[in-house]
Amino acid sequence: MAHAAAAFSVPNPPVATAVTASDPRHLPMANAIRALAMDAVQKANSGHPGMPMGMADVATVLFRQFLSFDPSAPLWPNRDRFVLSGGHGSMLLYALLHLTGYEKMTLDQLKNFRQLHSLTPGHPEVMQDAGIETTTGPLGQGLATAVGMAMAEKLLAARFGDALSDHFTYVMCGDGDLMEGISHEAASLAGHLGLGKMIVLYDDNDISIDGPTALSFSDDTQKRFQSYGWSTWKVDGHNADEVAAAIAAARKDTAKPSLICCKTTIGFGAPTKAGTAGSHGSPLGPEEIAGVRKNLGWTHEPFVLPEDIIADWRAAGARGSKTRQAWEATFKASPAETQKDFNAAFKGDVTAQVETLIAAFKDKMRVDAPKIATRAASGKVLEALVPAMPELIGGSADLTGSNLTLVKSMGGVARDHFTGRYVYYGVREHAMAAAMNGMALHGGVIPYGGTFLSFTDYCRPAIRLSALMKQRVIYVMTHDSIGLGEDGPTHQPVEHLAALRAIPNLRVLRPADVIETAEAWQIALESQTTPSVLVLTRQNLPLLRTDNDTDNKSARGAYVLRDSATAAEVNIWASGSEVEIAVKAAEQLAAKGILTRVISVPALELFLQQDDTYQRQVRSTPRINIAVEAAVRQGWDAVIGREGIFIGMKSFGESAPFEKLYEHFGITADNIVRQAEAALKG
């Protein structure tokens, strides 16, 4: 006889009902955050009131006593960075920014929480001139991004001195952030590098969406972070004095990053929903909000703030003005060359410098005519760029010798050694990508990092945020197809190009030779509001661009590499390593009297952004369009149409020498010729 399953339940955590603070102004200031949060969520009929209400005391201590910032100069380079990793609690951040006096974050913006075109979306979106340092929401991303910010602070201190770069990076995160795998990668890296000016305030409220965290989470978080090399503290998150003491201690312990576990009650003050999942992700409701007002002694109507509380918060916002002015005086007293280089690093416009360097490099390559893999070509480009561009910070996820991302003069970044410019990320692809976002957001550096193209799957959430945040992050992705050969289908990208091209505002650059590789780097470096993925081969490729044209033809996305004497019957479109195959096929077709053009497509989405006149010029009017790429077809119909012929991959790859694989899958000049002839006859 079957037995009925026993009822499974986990009790909710204890509920805190009182705040302890020696300063009598603390509680009303914290309650202002709670009120704004619950009222904005209620007005929007959507949002997450619990976390802002639970962490209001911690946030009040941080912004009143420790965070170095100035709302009147929000882009001041030496400000502390604050990252709300649990982006669902966005009303905490918006309330703080309004209360401390950021001009853009008006009360009307709070009233328009989660509404179209407001500055207060459901999850924070980077807007540094309003105090929002990064986009957060996908849990764990903010924590890992902050690691990159802390790295940038130390890298710039090594270059320009502590007088110009000396600030903290604070993160507020929750249980969900610490469950995500990226948090392990990022925290491990931060501990390894000794990022002692990174302080994480962990909202330890014991609640997840499904209910108590005991349903799924039983880590000893302090021991976990201690094993990474962090200093840790545990405090009552509703005891302002304990929180302040822990932050003060963490600021002194700059040999290690710090984790402060703040035991809090989610939805603090709510009569029935405090300490429960009911306060996490939905409005509290009128009756519950009335109960909060009674419990907190908050008698004011929604969005009404007493003048004395506003004054106290504005004083907290003005606290950093003197620090900022002192830094500006120090900066103005610095040598003129230092000021020039510092300003240039933060402005980030390297167009003129890169144009000159790439032009000289292309001239040399036309003479040398090397037959090399585009990953090796990328390495040669870096040898030309890195010595002249100190803002370039490179790295790889334990594939330096394969990605060829290291220039010997760079030196490695290590604990207490940030004069190097190359980061050994270890096998932490996701954290690498997110940390590069943080470096780009911080400013003053241009990050690039490498791994295999197949491992963009590990990086994808951070790559997507690079694009969403419009950050110049350069992903050097090698071993880009079945051309990597014997490692087999686990490492052979097939769907990855299509998946990356599907991300808006992402440059996917697949060069065909050393010249196009140089142009790809130029595109990536000059694109200040767009991340780029350089898709590079393992196998050697010949020089195909032998003309002396100084234009960056790759910047148009596609161009005619081999033209026909008169109107062509066949267009062959190809990218990367398949362009060489297309050229051979065109030569064979020409020998048979079939006029053929070869169109190199280093950046498909860039071509589709060109004006109609240019696109018509490249497309022309052939009878047959053929696309060749060692990947899946998705995306190519935009240029060849549904009736066009695609020669590429329809399955995963195989393990064999790459020459055999190209033959096996029919990605050959002979097959192109056969299909072209058959189509013309048809």
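Residues numbered from 1 in each chain as written. Predicted model: local features only at pLDDT ≥ 70, side-chain atom pairs only at ≥ 80, totals over all residues. Heavy atoms only, no water.

(A) Layout of the sheet that holds strand β10 (residues 422–424). If you walk across this open sheet you meet the six strands as β10-β9-β11-β12-β14-β13, and the pairing is parallel. Bordering the open sheet on either side are β10 and β13 (507–509), each of which pairs with just one other strand. With strand direction ignored, the average angle separating the axes of adjacent strands in the sheet is 20 degrees. Across three bridges, the pairing between β13 and strand β14 (residues 532–535) is parallel. Paired with L509 across the two strands is L534, which belongs to β14. Along the sheet, helix α17 (residues 429–442) contacts β9 (392–396), β11 (446–452) and β12 (474–478); its crossing angle with β11, the most-contacted strand, is approximately 165 degrees. (Pairing = 2+ DSSP bridges. Helix = DSSP H or I, 4+ residues; strand = E, 2+ residues; numbered from the N terminus. Axes fitted to C-alpha atoms, helices over the stretch in contact; angles between N-to-C directions. Contact = heavy atoms within 4.5 Å.)

(B) How the structure looks around the state of the cysteines. Taken as a whole, this structure holds zero disulfides when the rule is applied. The cysteine C173 is free of any disulfide, with C261 supplying the nearest cysteine sulfur at 8.7 Å. Judged by relative accessible area, which is 2%, C173 ranks as buried. Unpaired in terms of disulfides, C262 finds its nearest cysteine sulfur in C261, a separation of 7.5 Å. On the basis of relative accessibility, which here comes to 0%, the residue C262 falls in the buried class. (Disulfide = S-S within 2.5 Å. Buried < 20%, exposed > 50% of the residue type's maximum accessible area, 1.4 Å probe, protein only.)

(C) Spotlight on the packing of aromatic side chains. Scanning the entire structure with this criterion turns up 19 aromatic pairs. Seen from their ring centres, F342 and F346 are 4.8 Å apart, and the 35 degrees between their planes marks the pair as tilted. Of the two residues, F342 and F346 are both situated in helix α13 (residues 336–347); the distance of four residues between them amounts to about one turn of the helix. Ring centres 6.5 Å apart and planes at 90 degrees place the aromatic pair F658 and Y662 in the edge-to-face group. Taken together, the residues F658 and Y662, both in helix α25 (residues 658–664) and four residues apart, mark about one turn of the helix. F658 sits in the partly exposed class, given a relative accessible area of 28%. Judged by its relative accessible area of 6%, Y662 is buried. (Phe/Tyr/Trp six-rings, centres within 6.5 Å; stacked < 30°, edge-to-face > 60°.)

(D) Region of the structure containing the nonpolar core. Membership of the largest hydrophobic core comes to 72 residues, with the highest contact counts inside it found for M151, L195, M198, W230, Y425 and M439. Ranked by the residues each element gives to this core, the list is headed by helix α5 (residues 141–160), at 11 residues. By size, the runner-up hydrophobic cluster in this structure holds 68 residues, among which are A32, A37, M91 and L305. (Core = buried A, V, L, I, M, F, W, Y, C linked by side-chain atoms within 4.5 Å.)

(E) Fine view of the layout of surface pockets. Within this model, the largest pocket holds a volume of roughly 510 Å³. Every residue lining the largest pocket is counted, 22 residues in all, and those nearest its centre are Q128, F346, A440, L441 and G443. Put simply, the parts of the chain that give the lining of the largest pocket at least two residues each are α13 and α17. (1 Å grid on protein atoms, 1.4 Å probe; cavity = no way out; pocket = protein on both sides within 12 Å on 5 of 7 lines; lining within 4 Å. Points joined across faces, edges and corners; volume = space filled by probe spheres on them.)

(F) Summary view of the pattern of salt bridges. Tallied over the entire structure, the rule returns 31 salt bridges. Notably, a salt bridge pairs D57 with R34, separated by 2.5 Å at the nearest N-O pair. Of this pair, D57 sits in helix α2 (residues 50–66) while R34 sits in helix α1 (residues 26–44), and the two are 23 residues apart along the sequence. Among the residues examined, D57 registers a relative accessible area of 0% and is labelled buried. Under the relative-accessibility criterion, R34 is labelled buried at 0%. For E629, the salt bridge is made with R510, and the minimal N-O distance between the two is 4.0 Å. Remark: R510 occurs in the loop between β13 and α20 (514–526) and E629 occurs in the loop between β19 (624–628) and α24 (637–640); sequence separation between them is 119 residues. For E629, a relative accessible area of 0% translates into the label buried. (Salt bridge = Lys/Arg side-chain N within 4 Å of Asp/Glu carboxyl O.)

(G) Broad picture of helix α9 (residues 240–252). The end-to-end C-alpha distance of α9, which contains 13 residues, comes to 19 Å, matching closely the 18 Å that a straight helix rising 1.5 Å per residue would cover. Looking at α9, one finds that the buried residues are A240, V243, A244, A246, I247 and A250. Down the axis of α9, the smallest arc covering the buried residues is 165 degrees, so these residues share one side. Looking at the buried positions of α9, the neighbouring elements they touch are α1, α2, β2 (169–174), β3 (198–204), β6 (231–236) and β7 (258–263). You can read the cap of α9 off the contacts: a side-chain oxygen lies 3.1 Å from the backbone nitrogen of D241, and it is on N239. (Expected span 1.5 Å × (residues − 1). Arc of directions from axis to C-beta. Polar contact = N/O pair within 3.5 Å; in protein donor to acceptor, adjacent residues only side chain to side chain.)

(H) Layout of the packing of helix α7 (residues 181–193) against helix α8 (residues 221–228). Their axes nearest at 8 Å, the elements α7 and α8 cross at an angle of 50 degrees. One finds that α7 runs oblique with respect to α8. Residues S183, H184, A187, S188, G191 and H192 of α7 touch α8, and the partners they reach there are R224, F225 and Y228. Across the contact of α7 with α8, the residue classes tally to three nonpolar, five polar and one charged. (Parallel < 35°, antiparallel > 145°, perpendicular 65-115°, else oblique. Nonpolar A, V, L, I, M, F, W, Y, C, P; charged D, E, K, R; others polar.)

(I) How the structure looks around the environment of P511. Among the structural elements, P511 can be located in the loop between β13 and α20. Judged by relative accessible area, P511 falls into the buried class, the value being 1%. A C-alpha to C-alpha distance of 7.8 Å links P511 and S577, two positions 66 residues apart in sequence.

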